[in-house]
Amino acid sequence: MMIHERESASLFHTYKRLPLEILRGEGMYLFAKDGKRYLDMFSGLAVNALGYRHPRIIAAIREQADRYIHLSNYYLQEPQIRLAELLAGASGFGRVFFANSGTETVEGAIKLARKWGSGRQKTDIVSFSNAFHGRTMGALSLMDKARYRDGFGPFLPNMRLAEFNSAAALRKQVTPATAAVILECIQGEGGIVPVSQEFAAEVETLRRTYGFLLIADEIQSGIGRTGKFLAFEHFGLRPDIVLLAKPIGGGLPLGAILGGPAVGDVFQPGMHGTTFGGNPVACAAGIAVIEEIQNAGLIAHAAAMGKLLLDGLENLRYRYPDLVKEARGYGLMAGLQLSREGEKVTEAMRDRGILINCTNTTVLRFLPPLIVTPEQIAETLDALNEVLRTN
Ligand code: PLP
């Protein structure tokens with residue numbers, strides 16, 4: 001049997017795989033069984049911030065695996081504490097809870113908000129149209145898209161939905177019973193759609209009036225990708241809770257809930273927990289990721305490379321006005337809104353040895369590793385120009 005037949009026969013059919021079997025990765029490149037080398041411009045969907053086979057990550061994993069791979073949360077563990085300290089230093093958030101994935105941090109944040117609200121008669125959580133927060137039931141309860149939700153209900157009660165970027169819609173949903181508002185400052189799966197500055201200002205105004213918690217889902221946008229450590233910094237927001245995952249474990253499963261002063265003492269022993277969350281090997285890899293991003297100046301680099309990318313995408317919009325509706329993004333989280341489906345474009349790019357992603361059907365999404373060079377961005381833009389010109 002061929003590998004795609006074995007896959008189909010043995011795994012649940014949850015993923016639509018590309019016709020590529022990857023043998024290994026190195027830096028910005030993936031090497032496939034077809035003998036070709038591919039420039040990876042979406043980095044395992046924003047996970048591989050330092051590219052593939054980064055020597056610091058490998059060394060950290062090896063060293064920690066040689067000490068202990070797992071203990072239990074009964075014991076004090078240096079890697080967890082050190083990573084929490086690094087995250088606090090970079091973000092100003094003083095409390096961290098480690099989970100295994102993005103969606104688990106969303107679940108934890110729902111519990112944190114509910115517990116915080118329980119003595120305050122605050123039960124409701126407001127989320128936005130077109131959001132993506134994960135695949136568990138709590139996360140799905142915060143989302144509106146039929147393709148993620150159909151057939152999986154009933155969902156959690158007291159969840160209210162407002163149209164994204166609509167101050168009027170948000171004003172209608174927020175009440176004294178609102179415990180929290182959860183927001184992706186830049187919607188990722190939703191098509192790289194940022195909040196407007198006006199909308200962000202309205203969120204802060206309503207927060208002052210109603211006293212709810214603001215939860216920033218930075219699972220895709222966080223840890224330097226947008227040219228700031230956290231994307232909310234672009235919009236003058238100051239959340240109480242921040243959710244991180246994807247790049248934080250250097251490719252190992254890890255998520256983190258960061259909490260500010262309003263929620264720092266809400267969880268007491270026994271109220272929340274996980275067997276694997278904060279796994280020491282994943283945390284050791286996470287320490288390497290954060291230190292490397294800081295020492296190598298990768299946040300400023302992401303901002304500079306992002307500008308090259310966005311300028312180039314803007315230029316394509318100018319050249320192909322019928323095909324390209326909008327170029328948008330912050331740093332290395334960029335999208336090109338097409339006027340038609342984007343899958344053919346991603347296929348043609350793949351034929352040219354460049355991997356990009358298409359999300360929300362019509363948006364080409366670029367999430368390259370933060371180590372991407374100006375030459376690799378130019379190569380991507382040149383190839384995209386050719387593909388758009390000839391399609
Ligand atoms: N939130 C956002 C903004 C995401 O982009 C994702 C994943 O794509 C998630 C939550 C869910 O994370 P995970 O797939 O690790 O559960």
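Here the structure is a predicted model, which means the values were calculated and not measured.

## Here we look at the nonpolar core
Generally speaking, soluble globular proteins have nonpolar side chains that are buried together. Core analysis: the biggest nonpolar cluster contains 95 residues, and Leu87, Leu313, Leu336 and Leu384 have the highest contact counts within it. It is helix α10 (residues 280-295) that contributes the most residues to this core, nine residues altogether. Taken together, domain 1 (3-53 + 297-390) and domain 2 (55-295) each give at least three residues to this core, which thus spans both. In contact with leucine 313, not counting residues within four places along its chain, are Ala327, Ala334, Gly335, Leu336, Phe366, Leu381 and Leu384. Among the nonpolar cores identified, the runner-up in size contains 23 residues, and Phe97, Ala109, Trp116 and Ala180 belong to it.

## Digging into the site of the ligand
In the vicinity of the ligand, the contacting residues are Ser101, Gly102, Thr103, Phe132, His133, Gly134, Glu184, Glu189, Asp217, Ile219, Gln220 and Lys246. Threonine 103 has a polar backbone atom sitting 2.8 Å from an oxygen atom of the ligand.

## A look at the confidence of the model for the chain
The pLDDT averaged across the chain works out to 98; a share of 100% of its residues lies at or above 70. The least confident element of the chain is helix α1 (residues 3-10), whose mean pLDDT is 94; the most confident is strand β10 (residues 213-217), at 99.

## Here's the deal with empty space enclosed by the protein
Counting across every chain of the model gives one cavity of 30 Å³ or more. What lines the largest cavity is His70, Leu71, Ser72, Asn73, Gln77, Gln80, Thr275, Phe276, Gly277, Gly278, Asn279 and Pro280. Within the lining of the largest cavity, the residues separate by chemical class into three nonpolar, nine polar and no charged.

## Points about the sheet that holds strand β3 (residues 37-40)
The pairing of strands in a sheet happens through backbone hydrogen bonds and is either parallel or antiparallel. A sheet is described by the order of its strands in space; here four strands give the open sequence β1-β2-β3-β15, paired in mixed fashion. Strand pairing shows two members of the sheet lacking a second neighbour, β1 (22-26) and β15 (354-355), which therefore form its edges. Direction of pairing for β3 relative to β15: parallel, over a ladder of two bridges. Residue pairing in the sheet places leucine 39 in a bridge with isoleucine 354 of β15.

## Considerations on the sheet that holds strand β11 (residues 241-244)
The sheet built from seven strands is open, its strands ordered β4-β12-β11-β10-β7-β5-β6 with mixed pairing. Edge positions in the open sheet fall to β4 (95-99) and β6 (159-162), since each of these has one partner strand only. Sheet twist, expressed as the average angle between the axes of neighbouring strands with direction ignored, equals 20°. Pairing between strand β5 (residues 124-128) and strand β7 (residues 178-183): three bridges, direction parallel. Counted as the bridge partner of isoleucine 125 is alanine 180 from β7.

## Description of the layout of surface pockets
Taken as a whole, the second largest pocket spans an internal volume of roughly 840 Å³. Around the second largest pocket sit 27 residues that line it, and Arg95, Val96, Phe97, Phe98 and Phe267 are the ones nearest its centre. Elements with a contribution of two residues or more to the lining of the second largest pocket: α4 (78-91), β4 and β12 (255-259). Per-element accounting of the lining of the second largest pocket gives the leading share, four residues, to β4. When grouped by side-chain class, the residues that make up the lining of the second largest pocket number 14 nonpolar, 12 polar and one charged.

## Things to note about the pattern of salt bridges
Should their charged atoms come close, side chains of opposite charge can pair. Counted by the stated rule, this structure contains 20 salt bridges. For the salt bridge of arginine 95 with aspartate 265, the shortest nitrogen-to-oxygen distance reads 3.8 Å. Here aspartate 265 lies in the loop between β12 and α10 and arginine 95 lies in strand β4, a separation of 170 residues in the sequence. Residues arginine 389 and glutamate 386 are paired through a salt bridge, measuring 2.8 Å at the closest nitrogen-oxygen approach. Of this pair, arginine 389 and glutamate 386 both sit in helix α13 (residues 374-390), three residues apart, which is roughly one turn of the helix. Classification of arginine 389 by relative accessible area gives exposed; the value is 51%. Linked through salt bridges whose partners overlap, the residues forming this network are Arg56, Arg82, Glu85, Glu291 and Glu292.

## As for the packing of helix α3 (residues 55-67) against α10
The geometry of α3 relative to α10 is characterised by a closest axis approach of 8 Å and an angle of 150° between their N-to-C directions. Comparing their axes, α10 and α3 come out roughly antiparallel. Once α3 is placed against α10, the crossing between them reads as right-handed. Counted together, Arg56, Ile57, Ala60, Ile61, Gln64 and Ala65 of α3 and Pro280, Val281, Ala284, Ala285, Ala288, Val289, Glu291, Glu292 and Asn295 of α10 form the full contact between these two elements. In terms of residue class, the contact of α3 with α10 is built from 10 nonpolar, two polar and three charged.

## Considering the packing of aromatic side chains
Counting across every chain of the model gives six aromatic pairs. Centroid distance phenylalanine 128 to phenylalanine 199: 5.5 Å. Interplanar angle 80°. Geometry classified as edge-to-face. Taken together, the positions of phenylalanine 128 in strand β5 and phenylalanine 199 in helix α9 (residues 197-210) put the pair 71 residues apart, joining distant regions of the chain. Residue classification places phenylalanine 128 among the buried positions, given a relative accessible area of 2%. Residue phenylalanine 199 is classed as buried on the basis of its relative accessible area, which comes to 2%.

Cut-offs used in this document
- The numbering scheme is per chain: residues are counted from 1 as the chain's sequence reads.
- Local features in this predicted model are restricted to residues of pLDDT 70 or higher, and side-chain atom pairs are both shown and tallied only at a pLDDT of 80 or more, whereas totals for entire chains, interfaces and linings draw on every residue.
- For side-chain calculations, the full set of non-hydrogen atoms in the structure is used, while hydrogens and water are omitted.
- The term nonpolar core refers to a set of buried residues drawn from Ala, Val, Leu, Ile, Met, Phe, Trp, Tyr and Cys, joined through side-chain atoms within 4.5 Å.
- Exposed residues in this analysis have more than 50% of their type's maximum accessible area, buried residues have under 20%, and partly exposed residues fall in between, with area computed by a 1.4 Å probe over protein chains only.
- Per the convention used, a helix needs a DSSP run of H or I reaching at least four residues, while a strand needs a run of E reaching at least two, with both numbered from the N terminus.
- Domain start and stop positions are those given by an automatic or database domain assignment.
- Whether two residues touch is decided by their heavy atoms; if any such pair falls within 4.5 Å, the residues are in contact.
- Here a residue is considered near a molecule or strand provided that any single heavy atom belonging to it is located within 4 Å of it.
- Here a polar contact is taken to be a pair of N or O atoms separated by no more than 3.5 Å, where protein atoms must pair a possible hydrogen donor with a possible acceptor and residues adjacent in sequence count only if both atoms sit in side chains.
- Confidence scores here are pLDDT values: one per residue, from the predictor, ranging 0 to 100.
- Cavities and pockets are found on a 1 Å grid laid over the protein atoms alone: a cavity is a set of points where a 1.4 Å probe fits but cannot escape, a pocket is an open set with protein on both sides within 12 Å along at least five of seven lines, and a lining residue has an atom within 4 Å of such a point.
- Grid points are joined across faces, edges and corners, and a volume is the space filled by probe spheres set on the points.
- Only Asp, Glu, Lys and Arg are considered charged, only Ala, Val, Leu, Ile, Met, Phe, Trp, Tyr, Cys and Pro nonpolar, and every remaining residue, Gly among them, polar.
- Note: two strands are recorded as paired if DSSP finds a minimum of 2 bridges between them.
- Axis definition: a line fitted to C-alpha atoms, limited for helices to the stretch in contact. Angles are taken between N-to-C directions and run from 0 to 180 degrees.
- When a carboxyl oxygen of Asp or Glu lies within 4 Å of a side-chain nitrogen of Lys or Arg, that pair is called a salt bridge.
- Just so you know how the angles are binned, under 35 degrees is roughly parallel, over 145 roughly antiparallel, 65 to 115 roughly perpendicular, and the rest oblique.
- Should the near helix be turned counterclockwise from the far one by less than a right angle, the crossing is left-handed, whereas a clockwise turn marks it as right-handed.
- Put simply, two rings from Phe, Tyr or Trp (the six-membered ring, in Trp's case) pair if the centres are within 6.5 Å, and we call them stacked under 30 degrees between planes, edge-to-face over 60, tilted for the rest.

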